[in-house]
Structures are given as structure tokens and as C-alpha cells.
Amino acid sequence: MARFGVDLLEMPPNSAWLPEYIAPRVPRSPFFFTCEHASNKLPDEFHLDAADQHWLDTHWAWDPGAALVTRALASTYGCGAVLARCTRLVCDVNRKIDGPGFMREEVEGFALPFNAALDDDERQRRIQRYYLPYHRTLHDRLQDRLGEGDDPLLLAIHSFTPSMMGQKRPMEVAVVFDEQCPERAAAMIRGFENRGVRVGVNEPYSGIKGQMYSAWYHGRGTGVDYLELEIRQDFFESSAKAKSITAIVSEVLREI
Ligand SMILES: [Zn+2]
């Protein structure tokens, strides 16, 4: 696990920022869900003025709706799931440590005060406290499954904003994959298309361009198939729409 630049196994075992873990309820369950951007919680040690708190409600801080879908799917299929508990503004568990956006200094021109002028010690401290607990838990729980003879599809659930830099995004969901498991990606794409859902194939984010990190890292590390599913965030503006897209995703997963 040296790709992290730090040994995962050296993580302190009792971190306060372990992710939420939903244990599988059924043997041989077909999926292992992850949700890297589940939460917009800013830990108490960091500060945003009241006037700036609204940034926590934006897609810069989390993926609205993604946790809801992840929990629903875990419940429907009785599968395990790992969900982050902390905003990605502190450090993004779906980025590599030395990659762009790992600790974002600003969003839309607003300088995040708690990310200004971070030195190496602070970066390392955050990696230990917020980043490694997520990946260590995902790694260990996935290993448990493999140890029991399971071969789940590792599926990261995300959501994306309907427009970015003034550009509307026509796709309603996006299937993000690389050359490792194109067949299952194709089956998922077909499943959505058959239900009249507009699918982005590796867009707006692409597994080929290295824009899927967590699923890629743990999938490659263990040999399980891995994909990332992105859902457009306007589906979560009403509970009826959220229910409808969750039901469609659930049906599509039965076919892959
Ligand atoms: Zn995301």
C-alpha cells in the first residue's frame, strides 16, 4: 500500500474519524458500496465564519444525495458499505495525496481559511486523522469479504452538479470506468439507456483519465472489479425524484 506514501497499516487504530461502516447482511452479497463524498461535516477544529458556511452546502464540500443512495442500495442488497463522515474540503479521500484538489485552497475564488498555507506537518496530520482511517477501513472490510470467498463489485457512489462553469451537463447519470472492467460498465450503461436515462460514458468524469481514485485504488489493490456511478444532483431536489432514481439504479444493478 505504498502508493499512499504512508503505510496504511501504521494508522493509529482508534481514530475519531473512522468512516461509517454498514456491515453486509447476506453472504455472497454482490456489491461493496463506497461513498467518499457522503458528508459535508466540517470537524470542530476548523472554522468558517457564519457568512461563509454556505460553502458547506455546495458540491465543493460533498456530493448531495450520494449517501442516501448508498444506504438504500446497501439495504436493498444486504451489502457492505463505507461512507466518509467528513467534508472533502478537509482532504479529499477520492484523490491521491499528491494529486490536484486533495486539499483545496479555494473554491470559486473564495479562499478557504482553514486550508491556507498548509505546511507538511499539517498535511501529514490530516492524512493520518482523516484520510487513512477511511482507506484503512475500506481496505480491511473488503479484505474480510475476500477472505470469506466473496467477489463483490466495488461500486463508488457519487453525485455531480447539473452545471459547471456555466456549462449545463445533459447526462443524468455517469458511469466511470477504466480498461479493467468495461463489460460491467457496458451492462450498466445499457441498463440505464433501456430505462430512458441519459448516461455519460466516462463523462463528466473519466476513469480513463484517472478521475476515479478510491475505487481504482482498492480495486487494483485487491483484483475485484470496480466502477464509479455518478448521479446528477438535481435528482435530490425532491424526495419523489430521489426515490425514482434510486429505484432505477437498484434495478440496473440487478442486470450487471
Ligand atoms: Zn464525488
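One can find the structure itself at the top, above this paragraph.
We now turn to the structure provided with this report. (Residues numbered from 1 in each chain as written. Predicted model: local features only at pLDDT ≥ 70, side-chain atom pairs only at ≥ 80, totals over all residues.)

## As for the overall build of the protein chain
Counting its secondary structure elements, the protein chain contains five helices and 11 strands. Over its C-alpha trace the protein chain gives a radius of gyration of 18 Å, about what one expects of a compact globule, namely 18 Å for 256 residues. For the protein chain, the spread of C-alpha atoms along the principal axes amounts to about 50 × 45 × 30 Å. (Helix = DSSP H or I, 4+ residues; strand = E, 2+ residues; numbered from the N terminus. Rg over C-alpha atoms; globule rule 2.2 N^0.38 Å.)

## A word on the nonpolar core
Core analysis: the largest hydrophobic core is formed by 63 residues, its most contacted members being Phe 33, Cys 35, Leu 155, Val 175 and Leu 227. The greatest single-element share of this core, amounting to seven residues, is contributed by helix α2 (residues 120–147). Among all residues touching Val 175, those that are not within four sequence positions of it are Ala 185, Met 188, Ile 189, Val 199, Val 201, Leu 227 and Leu 229. (Core = buried A, V, L, I, M, F, W, Y, C linked by C-beta atoms within 7 Å. Buried ≥ 20, exposed ≤ 12 C-beta atoms within 10 Å, placed from the backbone. Contact = placed C-beta atoms within 7 Å.)

## Focus: the pairing of strand β6 (residues 153–160)
A large share of β6 lies buried, amounting to eight of its eight residues. Neither face of β6 is exposed, since Leu 153, Leu 155, Ile 157 and Ser 159 on one face and Leu 154, Ala 156, His 158 and Phe 160 on the opposite face are all buried. Inspection of the sheet shows strand β2 (residues 31–35) paired to β6 by four bridges, in the parallel sense. Within the sheet, the bridge partner assigned to Thr 34 lies in β6 and is Ala 156. (Pairing = 2+ DSSP bridges.)

## Examining the environment of Ile 245
By the secondary structure assignment, Ile 245 is in helix α5 (residues 239–253). With 13 residues separating them in the primary sequence, Ile 245 and Arg 232 have C-alpha atoms 9.8 Å apart. Not counting the four nearest positions on each side in its chain, Ile 245 is found in contact with Ile 231 and Phe 235.

## Regarding the sheet that holds strand β11 (residues 226–232)
Here we have seven strands laid out as an open sheet, ordered β1-β3-β2-β6-β11-β9-β10, and mixed in their pairing. Looking along the sheet, the strands with just one partner apiece sit at the ends: β1 (20–22) and β10 (199–201). Neighbour to neighbour, the strand axes of the sheet diverge by 20° on average, direction disregarded. Pairing geometry for strand β9 (residues 173–176) and β11, over four bridges, is antiparallel. What sits directly across from Ala 174, in β11, is Glu 230. In the packing of α2 onto the sheet, the strands contacted are β1, β2, β3 (80–83) and β6, and the crossing angle to β3 comes to about 175°. (Axes fitted to C-alpha atoms, helices over the stretch in contact; angles between N-to-C directions.)

## Re the packing of helix α1 (residues 66–77) against α5
Between α1 and α5, the shortest axis-to-axis distance is 10 Å and the interhelical angle comes to 45°. In terms of their interaxial angle, α1 and α5 are classed as oblique. As for how α1 packs across α5, the hand of that crossing is right-handed. Between α1, through Leu 68, Val 69, Ala 72, Leu 73 and Thr 76, and α5, the contact on the second element is made entirely by Ala 242, Thr 246, Val 249, Ser 250 and Leu 253. Partitioning the contact of α1 with α5 into residue classes produces seven nonpolar, three polar and no charged. (Parallel < 35°, antiparallel > 145°, perpendicular 65-115°, else oblique. Left-handed = near helix turned anticlockwise from the far one by under 90°. Nonpolar A, V, L, I, M, F, W, Y, C, P; charged D, E, K, R; others polar.)

## Examining the environment of Arg 88
Relative to the helices and strands, Arg 88 is located in the loop between β3 and β4 (106–107). On the basis of neighbour count, Arg 88 is assigned to the buried category, with 25 C-beta atoms found within 10 Å. Separated by 151 residues in sequence, Arg 88 and Ser 239 have C-alpha atoms that sit 25 Å apart. In this structure, Arg 88 is in contact with His 37, Ala 61 and Trp 62, ignoring residues within four places of it in sequence.

## Re the environment of His 37
In this structure, His 37 sits in the loop between β2 and α1. Classification of His 37 as buried rests on a count of 24 C-beta atoms within 10 Å. Sequence-wise, His 37 and Gln 143 are 106 residues apart; in three dimensions their C-alpha atoms are separated by 22 Å. In contact with His 37, not counting residues within four places along its chain, are Trp 62, Asp 63, Ala 66, Ala 84, Arg 88, Asn 94 and His 158.

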